[in-house]
Amino acid sequence: MMLLWKQLVLLSIIGCLAAPAHAQDVLFQGPRWRTEPSDVILPINSADQEATIRCEAEGNPTPRYRWSLNGTLIDLGSDYRRHMSGGNLIINRLDRDQDTGIYQCTAFNTWGSILSRKGSLQFAYLDTFKTQTTRSAVNVREGQGVVLLCGPPNHSGELTFAWIFNEYPYFVQQDSRRFISQETGSLYIAKVEPSDVGNYTCVVNNSITKDKVLSSPTPLVLRNDGAMGEYEPKIEVHFPETVPAAKGSTVKLECFALGNPVPEISWRRTSGVPFPSKVKMKNSNAVLEVPNFQQEDTGTYECMAENSRGKNAARGRISFHAKPHWLQTMIDGALSIDDNLFWECKANGKPKPSYSWLRNGNNLITEGRVQIENGALSIAALNLSDAGMYQCVAENKHGIIYSSAELMVLASPPSFTKNPLKAVLKARSGSEVALECKPQASPRAISLWKKGNEILQRNERITLLPNGTLKIANVTRRDAGSYTCIAKNQFGTASTTGRLLITEPTRITQRPADMEIIVGESIVLPCQIASDPALEVSFSWAFNGQLVDFHGDVDHFERVGGSITGDLMIRNIQLNHGGKYVCVINTDVETLSASAILVVKGPPGPPETVSVEEITDSTAQLSWSPGRDNGSPITGYIVQGRTPFTVGWQAVDTVPEVINGNTLTATVVGLNAWVEYEFRVVARNSVGMGEPSPASAKTRTEDAMPDTAPTDVGGGGGTKSELVITWEFCVFLPARA
């Protein structure tokens, strides 16, 4: 009834409702789960204990809630023990018989209803053993195997078992001869020894309630008719032929045998595939544990019990099962009345899940306009009553999952509130114009166009597209004027009007030209146009594909000229300013561009890797690599040298005497013997001399006989029996003027 009221309101406000054209514009406000019920198991410790099963959803209006137990609606108005806080269900004075079961929460507001996942409430308890003083004695022969039954009392919740031998705190210690099954609680002794005689008490612990109960003692008595002889293993503890295992769970298989001698337990997979490292053997191999069980762990497992008298085996297959989990879910949808809906959800699980669909918490069936096939839902010719909250349900015997989405069915007259025509639309003469007619309407409106009072028809220049767009090819001044789009559906009519202004094409009257320029100079790259006065014009420049930042590089770039001029001034040009410059002219109706290549020339860069290939007492063979020519070919090189006896670098004589730009080797001549030299090379081009190369490694010329006699030989002075002689000897570095 609530949904019907909502639909009537939608119809009544249809004249003012402008339904969005796309679902992403719609505000979906149906219920969305924040918290859903989960399984709860509680101990009952006192009469005033309470339980809380959580449930919370968001939406607008704020959702309200109702609860069901085992599929029956809970009447909270007449239930004094149960009440809600928000969406949470609180149960006071818990009763195991009345409160145990499956709970489900429903959240609803004016947009629809959704069901939560199901959560169980169970109570953990442990009753006491039936009162009796002593259990019947078990009589066995020495060497015989025996099973002492525990027979746990009624209970709920996970149990663990232990056995007391004679009196507390002496507990039976498990080993290869003794085993306590955590499945049955029974105590198994593979081969009885005289030390085993005594009283045995089963201890049962509830892991949730922490309660502990003890059975009456069971006496184990040794018969006096002699020891029992050896016999082959008899498997008393074995797992079922089929063991279902959930994905991610821990699987424990028990296997224990009676026998004399005490049997040894081993495990294998009948497929021959070895156990992965995660598999553990415990309690002298009586327990096989497979943690985090996965599909690849399925198969037949074999337990082998063996002693000197023989062997016996037990087999069982572990099968894999998994609760459903989503691979694909539907999303909220907003469709126009009379549209068709198609939603699909996909889930994986083992066994393969089955699907069902809910609308506002009620089952949908295939009937008339509604078709359901596996996880696919289709509804033809939507009407307002189809609006609401939908859920896809995937279920197998191990679990059930829900996916929710909201369907809004839109019904509104056309409206141009969000997408009116521009008041003035400009177009270049000779171009194609597209006038968009995009009303918001549900269902989609039918559109027609008028120029002035004349209804436009399709012709060789006019095209009317299915989406309402009007295209006019090769427009001229005659096409200028007022255009109106009129949109209509069964709920009403709307129109929008704009004026089309035809402008003359923009022309570039002066464009930049390719140029060569020297480092340090300044230039202006022209970019001037003639344009229709009705157009707004803007200029921008790009350099090597990047927009020129006039604010970030004010030292070099500046826009000069007036509104119809986009000239670019570049001051103090550097080598890195060489490249492609593009002037971009943007108007209301078109974009033009003009480009030029600027080549910046400068002195050559320094040569590289100057090395001394060979050296004698008077010559040195040099080689080097060329540096950058910086826009002008290298025309020649000059070699310079220095020694510890010179001041700075000096040009040296070379062969060839003049080194042209294509030569990368030279021989320095006229060097002095036994002197340490360094060399460097300088390149030149038409712009000038470049920077020198880095110096070569220091290299010493070979030794040789002096070719000049000492000069200014003299002497005198000194002390008694001493003569002082002096002379001069000069070393010259041949230099070029």
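Chains are numbered independently. Their residues run from 1 in the order of the written sequence. Per-residue local features of the predicted model are confined to residues with pLDDT of at least 70, and side-chain atom pairs are confined, for both listing and counting, to 80 or more; whole-chain, interface and lining totals are unaffected and use all residues. Hydrogens are left out, water is left out, and the side-chain values use all remaining heavy atoms of the structure.

- Going by the annotation in an unreviewed UniProt entry, the name recorded for the protein chain is Contactin 3b, with Umbra pygmaea given as the source organism.
- Per UniProt, the protein chain carries the Subunit (unreviewed entry) text "Interacts with PTPRG."
- UniProt positions are given in the numbering used here, feature names are shortened, and annotations may be inferred rather than shown by experiment. Here is the UniProt Sequence similarities (unreviewed entry) comment for the protein chain, exactly as written: "Belongs to the immunoglobulin superfamily. Contactin family."

**A word on the overall build of the protein chain**
Turning to step 1, where the next piece is worked out: Under the DSSP-based scheme used, a helix requires at least four consecutive residues in state H or I and a strand at least two consecutive residues in state E, with every element numbered from the N terminus. In terms of helices and strands, the protein chain carries two helices and 69 strands.
Turning to step 2, where the next piece is worked out: Seen along its three principal axes, the alpha-carbon backbone of the protein chain occupies a region of about 135 × 125 × 50 Å.
Turning to step 3, where the next piece is worked out: Across the 737 residues in the protein chain, those meeting the buried criterion constitute 42%.
Turning to step 4, where the next piece is worked out: Here, Shrake-Rupley sampling with a 1.4 Å probe gives the accessible areas, and only protein chains in the shown set may cover a residue. By element, 49% of the accessible surface of the protein chain is carried by carbon and sulfur atoms, the whole surface being about 39,200 Å².
Turning to step 5, where the next piece is worked out: Across the protein chain, 69 positive and 76 negative side-chain charges occur, with their mean positions spaced 10 Å apart. With a 1.4 Å probe rolled over the protein chains alone, any residue whose accessible area is under 20% of its type maximum counts as buried; one over 50% counts as exposed, and the rest are partly exposed. For the purpose of charge, His is not counted, nor are the chain termini; Lys and Arg are scored as positive and Asp and Glu as negative. Charged side chains are reduced to one point each, which is NZ for Lys, CZ for Arg, CG for Asp and CD for Glu.

**Quick look at the pairing of strand β68 (residues 711-715)**
Turning to step 1, where the next piece is worked out: Taking burial as the measure, the five residues of β68 include zero buried ones, a minor fraction of the element.
Turning to step 2, where the next piece is worked out: By definition, two strands form a pair when at least two bridges between them are found by DSSP. One ladder, built from three bridges, connects β68 with strand β69 (residues 725-728); its direction is antiparallel. Note on β69: the bridge partner recorded for G714 is T726.

**Comments concerning the state of the cysteines**
Turning to step 1, where the next piece is worked out: Cysteine sulfur atoms are paired as a disulfide whenever they fall within 2.5 Å. This model, assessed by the stated rule, comprises six disulfides.
Turning to step 2, where the next piece is worked out: Here C255 engages in a disulfide with C303; their sulfurs sit 1.7 Å apart. On the sign convention where negative is left-handed, the bridge of C255 and C303, at about -70 degrees about the S-S bond, is left-handed. On the criterion of sequence distance, the pair formed by C255 in the loop between β23 (251-254) and β24 (256-260) and C303 in strand β28 (residues 299-307) is long-range, its members being 48 residues apart. This pair shows no difference in class: C255 is buried, exactly as C303 is.

**Describing the pattern of salt bridges**
Turning to step 1, where the next piece is worked out: Each salt bridge in this description consists of a side-chain nitrogen of Lys or Arg and a carboxyl oxygen of Asp or Glu lying within 4 Å of one another. On inspection of all chains with the given rule, the structure shows 28 salt bridges.
Turning to step 2, where the next piece is worked out: The residue E302 makes a salt bridge to R268 at a minimum N-O spacing of 2.8 Å. With E302 in strand β28 and R268 in strand β25 (residues 264-269), the pair connects residues that are 34 residues apart, well separated along the chain.
Turning to step 3, where the next piece is worked out: Notably, a salt bridge pairs R315 with E302, separated by 2.6 Å at the nearest N-O pair.

**A few points about the UniProt feature "domain: Fibronectin type-III" (unreviewed entry) in the protein chain**
Turning to step 1, where the next piece is worked out: UniProt records the feature "domain: Fibronectin type-III" (unreviewed entry) at residues 606-704, using the numbering of this structure.
Turning to step 2, where the next piece is worked out: Taken end to end, residues 606-704 is 0% helix and 45% strand, and its two terminal C-alpha atoms sit 34 Å from one another.

**Things to note about the packing of aromatic side chains**
Turning to step 1, where the next piece is worked out: Put simply, two rings from Phe, Tyr or Trp (the six-membered ring, in Trp's case) pair if the centres are within 6.5 Å, and we call them stacked under 30 degrees between planes, edge-to-face over 60, tilted for the rest. Taken as a whole and assessed by the stated rule, the structure comprises 13 aromatic pairs.
Turning to step 2, where the next piece is worked out: For the ring pair F293 and F320, a centre distance of 6.4 Å and an interplane angle of 25 degrees mean the geometry is stacked. Of this pair, F293 sits in the loop between β27 (287-290) and β28 while F320 is found in strand β29 (residues 310-328), placing the two residues 27 residues apart along the sequence.
Turning to step 3, where the next piece is worked out: Residue F293 is classed as buried on the basis of its relative accessible area of 0%.
Turning to step 4, where the next piece is worked out: A connected cluster of aromatic rings, assembled from ring pairs, spans F179, Y188 and F256.
Turning to step 5, where the next piece is worked out: By definition here, charges over rings are those cases where NZ of Lys or CZ of Arg is within 6 Å of the ring centre and within 35 degrees of the ring normal. The positively charged end of R66 is found above the aromatic ring belonging to F108, 4.6 Å away from the centroid.
Turning to step 6, where the next piece is worked out: The ring centre of W674 lies 4.9 Å from the NZ or CZ of R700, which sits over that ring.

**Considering the environment of K234**
Turning to step 1, where the next piece is worked out: You can see K234 is positioned in strand β21 (residues 231-237).
Turning to step 2, where the next piece is worked out: Take K234: its relative accessible area is 48%, and that puts it in the partly exposed class.
Turning to step 3, where the next piece is worked out: With 21 residues separating them in the primary sequence, K234 and C255 have C-alpha atoms 11 Å apart.
Turning to step 4, where the next piece is worked out: For this analysis, residues touch if any pair of their heavy atoms sits within 4.5 Å. Apart from residues no more than four positions distant in its own chain, K234 is found in contact with F256, A257 and L258.

**Re the pairing of strand β57 (residues 579-586)**
Turning to step 1, where the next piece is worked out: Of the pairings in the sheet, the one linking strand β53 (residues 538-543) to β57 comprises six bridges and is antiparallel in character. Across the sheet, W541 pairs through a bridge with C583, a residue of β57.
Turning to step 2, where the next piece is worked out: With eight bridges joining them, β57 and strand β58 (residues 591-601) adopt antiparallel strand pairing. Looking at the pairing, C583 lines up with A594 of β58.
Turning to step 3, where the next piece is worked out: Following β57, the chain reverses through four residues before pairing antiparallel with β58.

**Side note on unusual backbone geometry**
Turning to step 1, where the next piece is worked out: Following N60, the chain continues into P61 via a peptide bond in cis, with omega recorded as 0 degrees.
Turning to step 2, where the next piece is worked out: Structurally, the position occupied by P61 is in the loop between β4 (56-58) and β5 (64-69).
Turning to step 3, where the next piece is worked out: Residues S442 and P443 are joined by a peptide bond in cis, for which omega reads 0 degrees.
Turning to step 4, where the next piece is worked out: If you trace the backbone, P443 turns up in the loop between β42 (440-442) and β43 (446-451).
Turning to step 5, where the next piece is worked out: Of note in the backbone geometry, N292 takes a positive phi value of approximately 50 degrees without being a glycine.
Turning to step 6, where the next piece is worked out: Inspection of the secondary structure puts N292 in the loop between β27 and β28.
Turning to step 7, where the next piece is worked out: If you check the backbone angles, N544 has positive phi at about 50 degrees while not being a glycine.

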